[in-house]
Amino acid sequence: MTLTEARNHLRSELLAVAAVVVPGQTPAVTQDPGPVDQGALSDDRGPESVCTITVETGDPTVTPDPEAQLGFAAATLESRGWKVTIAEPTDDRHELTARRQGYDLTVTARSTDWHLTFTGQTPYVDEL
C-alpha cells in the first residue's frame, strides 16, 4: 500500500465513522495537509512519511453529552475492528484512542461544545 492509498483509506474511515456516530449530520474534513515528514516540526528534512487527517461533526441542536458520544464512537470503532481505549475525562475534555493495523485515531468531545473531533494518522511509510 502506498502512503496516498493509506491516506485515502484513513479519510474514508474517519468520514464513515463520524457519519454513523452523529447521524443526520454531514462530517467535515477540517485538516488534511497531505503527506508530511514526521520530523517536519523539528525542522528535520526527510521523505514524506505520514498523513494526519481531522474530521469534525456534531449536532448544534442537541445538548452535548460527551460520555454518550464517546461510548457510541467506541462501539462503532470496535465493530469495525479498532482496539479502543477510553481515557478518564479531564476538566470538560473526554477522549478515546483507537488503533488498527498501524493507524492511530483519537476522538475528542467536550461537555461545553457540541463538536466531536476525529483525528487519525496513517502508519509510517516503513510500516505500510
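Up top is the structure these notes are about.
Residues numbered from 1 in each chain as written. Predicted model: local features only at pLDDT ≥ 70, side-chain atom pairs only at ≥ 80, totals over all residues. Heavy atoms only, no water.

1. Examining the overall build of the chain
In step 1: Helix and strand counts for the chain come out as two helices and six strands.
In step 2: Its helices and strands in sequence order give the chain the pattern α-β-β-α-β-β-β-β, from N to C terminus.
In step 3: The burial tally for the chain puts 37% of its 128 residues in the buried class.
In step 4: Partitioning the intrachain contacts of the chain with sequence separation of at least 6 by distance along the chain shows that 57% fall at a separation of at least 24.
In step 5: Accessible surface computed for the chain: about 7000 Å², of which carbon and sulfur atoms make up 50%. (Helix = DSSP H or I, 4+ residues; strand = E, 2+ residues; numbered from the N terminus. Buried < 20%, exposed > 50% of the residue type's maximum accessible area, 1.4 Å probe, protein only. Contact = heavy atoms within 4.5 Å. Areas by Shrake-Rupley, 256 points an atom, 1.4 Å probe, with all protein chains shown as cover.)

2. A short note on helix 1 (residues 3-21)
In step 1: Given a rise of 1.5 Å per residue, 19 residues ought to cover 27 Å, and the 27 Å separating the end C-alpha atoms of helix 1 matches this to within 8%.
In step 2: Summarising the contacts, the buried residues of helix 1 are in contact with strand 2 (52-58), helix 2 (66-79), strand 4 (93-100), strand 5 (103-110) and strand 6 (113-121). (Expected span 1.5 Å × (residues − 1).)

3. Brief notes about the pairing of strand 5
In step 1: Taken together, the eight bridges between strand 4 and strand 5 define a ladder with antiparallel strand orientation. Each bridged residue has a counterpart across the sheet, and for glutamate 95 the counterpart in strand 5 is threonine 108.
In step 2: Adjacent in sequence and paired antiparallel, strand 4 and strand 5 are bridged by two residues, among which glutamine 101 carries a positive phi angle near 50 degrees.
In step 3: Between strand 5 and the antiparallel strand that follows it, strand 6, lie two residues. (Pairing = 2+ DSSP bridges.)

4. Section: the pattern of salt bridges
In step 1: Under the counting rule described, the total for this entry stands at seven salt bridges.
In step 2: A salt bridge links arginine 80 to glutamate 13, with the nearest nitrogen and oxygen atoms 2.9 Å apart. Of the two residues, arginine 80 is situated in the loop between helix 2 and strand 3 (83-86) and glutamate 13 in helix 1; the sequence distance between them amounts to 67 residues.
In step 3: For aspartate 92, the salt bridge goes to arginine 110, with nearest N and O atoms at 3.1 Å. Taken together, the positions of aspartate 92 in the loop between strand 3 and strand 4 and arginine 110 in strand 5 put the pair 18 residues apart, joining distant regions of the chain.
In step 4: Here the salt bridges do not stand alone but share partners, grouping Arg7, Arg11 and Asp32 into one network. (Salt bridge = Lys/Arg side-chain N within 4 Å of Asp/Glu carboxyl O.)

5. Focus: the pairing of strand 3
In step 1: Bridge count for strand 3 against strand 4 is four bridges, and the pairing is antiparallel. Bridge assignment links isoleucine 86 to a residue of strand 4, and that residue is leucine 96.
In step 2: Between the end of strand 3 and the start of strand 4, which pair antiparallel, lie six residues, with aspartate 91 showing a positive phi angle near 55 degrees.

6. Let's talk about the sheet that holds strand 3
In step 1: Read from one edge to the other, the open sheet built from six strands follows the order 1-2-6-5-4-3, with strand pairing classed as antiparallel. Every other strand in the sheet has two partners, leaving strand 1 (28-31) and strand 3 as the edge strands with one partner each. Going across the sheet, the axis of each strand differs from the next one's by a mean of 25 degrees, ignoring polarity.
In step 2: Here strand 2 runs beside strand 6; their pairing, made up of seven bridges, is antiparallel. When the sheet's bridge partners are listed, isoleucine 53 is paired in strand 6 with glycine 120.
In step 3: Seen against the sheet, helix 1 touches strand 1, strand 2, strand 4, strand 5 and strand 6 and runs at an angle of roughly 155 degrees to strand 6.
In step 4: Running over the sheet, helix 2 touches strand 3, strand 4, strand 5 and strand 6 and is turned about 5 degrees from strand 4. (Axes fitted to C-alpha atoms, helices over the stretch in contact; angles between N-to-C directions.)

Function cannot be inferred from these measures alone, as they are strictly geometric.
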